[in-house]
Structure formats: C-alpha cells, structure tokens
Amino acid sequence: MLRLPVFLLSLVVALAIAPAHAGDMAADRADMVRTIEDIAADVTIGTGRRPISRRVLDVMATVPRHAFVPDPLRRYAYTDRPLPIGHGQTISQPYIVALMTDLLQVDAEDVVLEIGTGSGYQAAVLSPLARAVYTIEIVEPLAASARERLAGQGYDNVTVRAGDGYYGWADHAPFDAIVVTAAAGHVPPPLIEQLRPGGRMVIPVGAAFTVQHLMLVHKSEGGEVRTEFLLPVAFVPLTGGH
Ligand SMILES: C[S@@+](CC[C@H](N)C(=O)[O-])C[C@H]1O[C@@H](n2cnc3c(N)ncnc32)[C@H](O)[C@@H]1O
C-alpha cells in the first residue's frame, strides 16, 4: 500500500474535498434553509404560523440557487432576498419560494403549471416533488436560458415555453397545482378553468408596483372555487396582452 506522510495525506484529502464543497455551496444552502425555517416560525400566514414541510426544505437544500443567478451575484445566492436576473425581472426570495411550493402540496404524481419561469429556480424546486412541471415565461431570452439551465442541471421533467401565461397551457391541462410568480390584477379565468377539481393555485393578486396579497385558490371536487388571502407580498407584474 502507498504510504504518505500525514501532512501530505491531509493536503491530498483537503484538495479532493475543497473544490467540490466550495463549488456546490452546500453549507450556504443549509444556512438558507435554516433561515427559511426561522422566518416561517415568525411570520403569520392567514390566521397562524405555517412551518414549511420537511419535504420542501429537503429539496431546497439540494437545488443550487447559485446556478440560477447571474455570475456576479453568486455570492448572494443563499441570502433570503430576491435578486435581479436581467430584463427587469427577479428570482424570488427563497422563503417565498418555499412557502408557495409548500402551499401547493405537490404530490409525486402531480402535474404542475408555473407562470413566470424567470431563472427556472422555482421550476427546479418543483421538479423533484412532481411528476411533470410545465412553465411559461413571457420574456423569450429568459425562457431560452432557463430551458438550457434546467436541462443542464438534469431537471428533465420540466418543460419551458415562451408565451403569455395568462392563458395557461391548455394542451397539458388539467393541472393538479398552479403557481403564478408574477402579480396579477385578478386571478386569470383560463387558469381557474385549467385547474383540476381538488387542485390548488397560489398567486399574488394586486396592482403592479404596490404591495399585493398572496392568494391560495382551492377548487373543490365539485368545481367550486374558494379563495384565501395569506400575506402581503411584492412581485413584479404579470405582463402581456390580456
Ligand atoms: C418574480 S419573476 C419569477 C421568478 C421565477 N419563478 C424564478 O424562480 O426565477 C416573474 C416572472 O414572470 C414573468 N412574467 C410576467 N408576466 C408574464 C406572463 N404574462 N406570462 C409568463 N410570464 C410572465 C416575468 O418575465 C418574470 O420572469
């Protein structure tokens, strides 16, 4: 067996571990997840506190948010705040991504629609939780780069389309869950139509460039729609021709 002096052996081990660890930023991600848990313990959602499920937190501990932000901002990737991604758009705050994902209560067999792909991060978080994720982005270059990024990271059950998400994606409807990550003045009727009975939608509703309200929409098995306002939020507006 090859014998190495102890200091040389430690150097070899350090070199083997350090680049992978530094590049993957797992420790920063674990800190981000702890921050999300702390915020969830403090914030009132609807009528009470809402801890984020372990399943969602575990996924967020694996998705490399640093790969979804522009290179110069990578060192801020695991701080709990939205960051610019170009074209006047943002990647959402990690706590809000966790909360919206949790509210959707996605099952392994579920098909999910996201409106507002942006960087692709929210779709990447949904990917391991669902059977398929369909996501629509109105800014074509963002849709193209998110598609490439998601495929490069191996999120193979995510399909990205450039277009106006107000109208949903009828070809793949009905959806078990729908998440809208841009603020709408009202809940788009095509999205309610494309939600499966028993399904859930999470959407920020309110005027552009003010505080909006995060709304949870339930569609009962009988097709009855019930809405619940959960907390004030600030999202970029849902644009398009509707
Ligand atoms: C807050 S960002 C989304 C963040 C994204 N979910 C992520 O994980 O990076 C909102 C996105 O919605 C997109 N958007 C706005 N109006 C839209 C519409 N009508 N249809 C599809 N996407 C839209 C914006 O271009 C922007 O990229």
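Refer to the structure above for everything that follows.
The structure contained in this document is the topic of the report that follows. As the structure is a computational prediction, the values presented were derived from the model and not from experiment. (Residues numbered from 1 in each chain as written. Predicted model: local features only at pLDDT ≥ 70, side-chain atom pairs only at ≥ 80, totals over all residues. Heavy atoms only, no water.)

### Brief notes about the sheet that holds strand β3 (residues 111–115)
Point 1. Strand order in the open sheet formed by seven strands is β5-β4-β3-β6-β7-β8-β9, with mixed pairing between adjacent strands. Looking at the sheet topology across the chains shown, the edges are occupied by β5 (158–162) and β9 (225–233). When the angles between neighbouring strand axes are averaged without regard to direction, this sheet yields 15°.
Point 2. Two elements, strand β7 (residues 195–205) and strand β8 (residues 212–219), share six bridges in a ladder whose sense is antiparallel. Directly across from Ile203, in β8, lies its bridge partner Met215. (Pairing = 2+ DSSP bridges. Helix = DSSP H or I, 4+ residues; strand = E, 2+ residues; numbered from the N terminus. Axes fitted to C-alpha atoms, helices over the stretch in contact; angles between N-to-C directions.)

### Some remarks on the pattern of salt bridges
Point 1. This structure, assessed with the given rule, holds nine salt bridges.
Point 2. Note that Asp24 and Arg29 form a salt bridge whose closest N and O atoms lie 3.0 Å from each other.
Point 3. By relative accessible area, which is 35% here, Asp24 ends up partly exposed.
Point 4. One salt bridge connects Arg54 with Glu37, and the closest N-O pair in it is separated by 3.3 Å. Highlighted residues: Arg54 in helix α3 (residues 54–60) and Glu37 in helix α2 (residues 26–42), separated in sequence by 17 residues. (Salt bridge = Lys/Arg side-chain N within 4 Å of Asp/Glu carboxyl O. Buried < 20%, exposed > 50% of the residue type's maximum accessible area, 1.4 Å probe, protein only.)

### Notes on the nonpolar core
Generally speaking, soluble globular proteins have nonpolar side chains that are buried together.
Point 1. The biggest cluster of nonpolar side chains holds 56 residues, and the ones touching the most others in it are Ile52, Met60, Phe68 and Tyr121.
Point 2. In terms of residues, this core owes the most to one element, helix α4 (residues 94–104), which gives eight residues.
Point 3. Among all residues touching Phe68, those that are not within four sequence positions of it are Val63, Ile85, Ile91, Ser119, Gly120, Tyr121, Ala124, Arg149, Leu150, Gln153 and Tyr155.
Point 4. Of all hydrophobic cores here, the second largest spans 22 residues; its members include Leu113, Ala182, Ile203 and Val217. (Core = buried A, V, L, I, M, F, W, Y, C linked by side-chain atoms within 4.5 Å. Contact = heavy atoms within 4.5 Å.)

### Here's the deal with the site of the ligand
Point 1. Around the ligand sit 27 residues in total, of which Ser119, Glu137, Asp164, Gly165 and Thr239 are the nearest.
Point 2. In this structure, Glu137 approaches the ligand through a side-chain N or O atom, which is 2.6 Å from an oxygen atom.
Point 3. One of the side-chain nitrogen or oxygen atoms of Asp164 is found 2.8 Å away from a nitrogen atom of the ligand.
Point 4. Summarising the interface, the protein chains cover 99% of the accessible area of the ligand, which totals 600 Å² for the free molecule.
Point 5. Where the shell around the ligand is concerned, the elements lending two or more residues are β2 (89–91), β3, α5 (121–126) and β4 (132–137).
Point 6. The element that contributes the greatest number of residues to the shell around the ligand is β2, accounting for three residues.
Point 7. In terms of residue class, the shell around the ligand is made up of eleven nonpolar, 13 polar and three charged. (Near = heavy atom within 4 Å. Polar contact = N/O pair within 3.5 Å; in protein donor to acceptor, adjacent residues only side chain to side chain. Areas by Shrake-Rupley, 256 points an atom, 1.4 Å probe, with all protein chains shown as cover. Nonpolar A, V, L, I, M, F, W, Y, C, P; charged D, E, K, R; others polar.)

### Comments concerning the packing of aromatic side chains
Point 1. For the structure shown, the criterion picks out four aromatic pairs.
Point 2. Considering the side-chain rings of Tyr134 and Trp169, the 5.3 Å spacing of their centres and the 75° angle between planes classify their relative orientation as edge-to-face. Taken as a pair, Tyr134 in strand β4 and Trp169 in the loop between β5 and β6 (175–180) lie far apart in primary sequence, 35 residues in all. No difference in accessibility class separates Tyr134 from Trp169, as the two residues are buried.
Point 3. Measuring from ring centre to ring centre gives 5.1 Å for Tyr166 and Tyr167, while their planes differ by 70°; the resulting arrangement is edge-to-face.
Point 4. For Tyr166, a relative accessible area of 11% translates into the label buried. (Phe/Tyr/Trp six-rings, centres within 6.5 Å; stacked < 30°, edge-to-face > 60°.)

### Looking at helix α6 (residues 140–152)
Point 1. Taking 1.5 Å of rise per residue, the 13 residues of α6 would be expected to cover 18 Å, and the 18 Å separating its terminal C-alpha atoms lies within 8% of that figure.
Point 2. Taken residue by residue, α6 has Leu142, Ala143, Ala146 and Leu150 as its buried positions. All buried residues of α6 fall inside an arc of 95° around its axis, so they share one side. Opposite its buried face, α6 presents the exposed residues Glu140, Glu148, Ala151 and Gly152, each directed more than 90 degrees away. (Expected span 1.5 Å × (residues − 1). Arc of directions from axis to C-beta.)

### Quick notes on the environment of Thr101
Point 1. Looking at the secondary structure, you find Thr101 in helix α4.
Point 2. Distance from Thr101 to Ala123, taken between C-alpha atoms, is 9.7 Å for residues 22 residues apart in sequence.
Point 3. A distance of 2.9 Å separates a polar atom in the side chain of Thr101 from a polar atom in the side chain of Gln122.

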